[in-house]
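Residue-level structural notes
Here's the letter readout for the chains.
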Amino acid sequence: MAASSGGLSTPFGLKLRRVDISHLNESQLKVRKLGKKSRSFGNRDCRIDCCCPDSGLPIPRATGSGQSVEKAEEWPFDSRNSPHRVKPALPFASPQSRFGSKQEKFYPRCTPRNSGPQSRDTPPKRDTGIANEKDMGISLLNENVNETGINEDGSTWFRESGEEFGDNGYRCRWTRMGGQSPDGSSEWKETWWEKSDWTGYKELGVEKSGRNAEGDSWWETWQEVLHQDEWSNLARIERSAQKQAKSGVENAGWYEKWWEKYDAKGWTEKGAHKYGRLNEQSWWEKWGEHYDGRGSVLKWTDKWAETEIGTKWGDKWEEKFFAGIGSRQGETWHVSPGGGRWSRTWGEEHFGNGKVHKYGKSTTGESWDIVVDEETYYSAEPHYGWADVVGDSSQLLSIKPRERPPGVYPDVNFGSSPPPADDIPPDVPSSSSQ
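Not measured: the values here are computed from a predicted model.

The rules behind the values
- Residues numbered from 1 in each chain as written.
- Predicted model: local features only at pLDDT ≥ 70, side-chain atom pairs only at ≥ 80, totals over all residues.
- Heavy atoms only, no water.
- Helix = DSSP H or I, 4+ residues; strand = E, 2+ residues; numbered from the N terminus.
- Buried < 20%, exposed > 50% of the residue type's maximum accessible area, 1.4 Å probe, protein only.
- Salt bridge = Lys/Arg side-chain N within 4 Å of Asp/Glu carboxyl O.
- Core = buried A, V, L, I, M, F, W, Y, C linked by side-chain atoms within 4.5 Å.
- Contact = heavy atoms within 4.5 Å.
- Pairing = 2+ DSSP bridges.
- Polar contact = N/O pair within 3.5 Å; in protein donor to acceptor, adjacent residues only side chain to side chain.
- Phe/Tyr/Trp six-rings, centres within 6.5 Å; stacked < 30°, edge-to-face > 60°.
- Lys NZ or Arg CZ within 6 Å of the ring centre and 35° of its normal.

At D127, a residue that is not glycine, the phi angle is positive and equals roughly 55°. With respect to the secondary-structure elements, D127 resides in the loop between α3 (102-105) and β1 (146-150). Looking at D127, the relative accessible area reads 13%, which means it is buried. Its identity is not glycine, yet A323 carries a phi of approximately 55°, on the positive side.

Structure below.
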């Protein structure tokens, strides 16, 4: 895990030396090129009061992997790890028939002309992870502006930009824009920012929100951060995204939080928390991956769902490996409205010599305990790692900090500070798997 911004007192009297990474660019940070796959995290708040209305957003039609929680038959229990697989007792009601056409109905686009900003009223999509910075379209203005306008269709727009300064060379450049339909029933807002200071900290961020005439609303944030780890002195890049949508006509909505953290020696952490609701059914999903950069890997997934009448079901698994030796274990379970519980647990021990011990049991009397000849497959490195994130972060790395006067050095605070609070919106209900 990343050290908190304040850090802790140094153990064993070690003296830490801070290395200035503000001058590093993409070519200096890049170490090696791996495959590409995912996307993630930042942890400072830009001091702009801006455009996040209330938490909410429209329910877009499920696309791609987003269908994994729409139907129980397609719920992705990991059959590779479990010798047995059980479908949930109750399928998720598919929202496609009710919401399928809404993606095209999100309010009529304001199309500002000339100097006005182009409408960016598109709601986020589920299960799309963290976008690369080139897909966010961040283009900050070089001068301070504050302007408004009216389009030919009567819709209005605004755009403003500014710059803020603080201690330690802190600078935040920002641009804020938005638009509204003629009757005010639909609107969109978006803010871009970049931040830097003399410690080498750099941040790029976006916040979007909107609503339409039907009452659907949405909110989305994206952040990308470069900083120096306070204990290892290694450069670290963190990326994150939060997305939320809420229906205006039904009791339906979803929320997702994604994050990824990378350092220059291959340490990587990735994860996501997801929640969804459609009328009487709700579902949750959490997963994480951790690579220590020296061959050790931990992965886990926990998914569960419930209905208002009390039926619950879920599936979870975990795997740990190092140097070809490790284990996998998991559980599939179901709880009836009356409280009756069924479960099946399973496990695997991989000895690194071609032998695998497999065992398991269920509440209905099933059991197995065998040793088989089987190869062990796992990935000790992430599919998308340090070299990939550096290659996709050219705009972040190109942020220029304020010029530092001669003889002035950054103030490095190694005092203790509390860990950041979980920023899941308050209207997302919490639940725990069995």
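Turning to the pattern of salt bridges, a few remarks are in order. In this structure the tally under the stated criterion is 23 salt bridges. The partner of K274 in a salt bridge is D127, with the nearest N and O atoms 2.2 Å apart. Taken as a pair, K274 in strand β9 (residues 268-278) and D127 in the loop between α3 and β1 lie far apart in primary sequence, 147 residues in all. Measuring nitrogen to oxygen at the nearest pair gives 3.6 Å for the salt bridge that ties E348 to R328.

Now for the nonpolar core. Ranked by size, the top nonpolar core spans 25 residues in total, and within it I138, W222, W386 and V389 carry the most contacts. At the level of elements, β4 (187-196), β5 (202-211), β6 (217-228), β7 (235-246), β8 (252-263), α4 (386-391) and α5 (394-397) are the ones that each hand at least two residues to this core. In this structure W222 touches I130, A131, N132, E133, M136, I138, L204, G205, V206, S240 and A241, once residues within four positions along its chain are discounted.

This part covers the pairing of strand β12 (residues 312-322). As judged from the 10 bridges shared by strand β11 (residues 297-307) and β12, these two strands associate in the antiparallel manner. Within β12, the residue paired with A305 across the bridge is W313. What sits between the antiparallel neighbours β11 and β12 is a turn of 4 residues, in which G310 has the positive phi angle 110°. Sheet topology places β12 next to strand β13 (residues 325-335); 11 bridges connect them, and they run antiparallel. Its bridge partner being in β13, K312 is matched across the sheet by V335. Following β12, the chain reverses through 2 residues before pairing antiparallel with β13; A323 in that reversal takes a positive phi of roughly 55°.

Within the secondary structure layout, E203 lies in strand β5. For E203, the side chain forms a polar contact with the side chain of Y201, separated by 2.4 Å.

A word on the environment of N212. For N212, the location among the structural elements is in the loop between β5 and β6. Relative accessible area serves as the criterion here: at 3%, N212 is assigned to the buried category. Spatially, the C-alpha atoms of N212 and G184 are 9.3 Å apart, while their sequence positions differ by 28 residues. A distance of 3.1 Å separates a polar atom in the side chain of N212 from the backbone nitrogen of E214. In this structure the side chain of N212 is engaged in a polar contact, spanning 2.9 Å, whose partner is the backbone nitrogen of D216.

With the rule as written, the count across this model stands at 5 aromatic pairs. On the basis of an interplanar angle of 5° and a centroid distance of 6.0 Å, the ring pair of W284 and W304 is categorised as stacked. Remark: W304 occurs in strand β11 and W284 occurs in strand β10 (residues 281-291); sequence separation between them is 20 residues. Residue W304 is classed as buried on the basis of its relative accessible area of 3%. Grouping aromatic residues by their ring pairs yields a cluster made of Y275, W284 and W304. In this structure, R176 packs its charged tip against the face of W174, placed 4.3 Å from the ring centre. We note R236 situated over the ring of W267; from NZ or CZ to the ring centre the distance is 4.2 Å.

Time to look at the side chain of R176. With respect to the element layout, R176 can be found in strand β3 (residues 171-180). Polar side-chain contacts of R176 include one of 2.6 Å to the side chain of E160.

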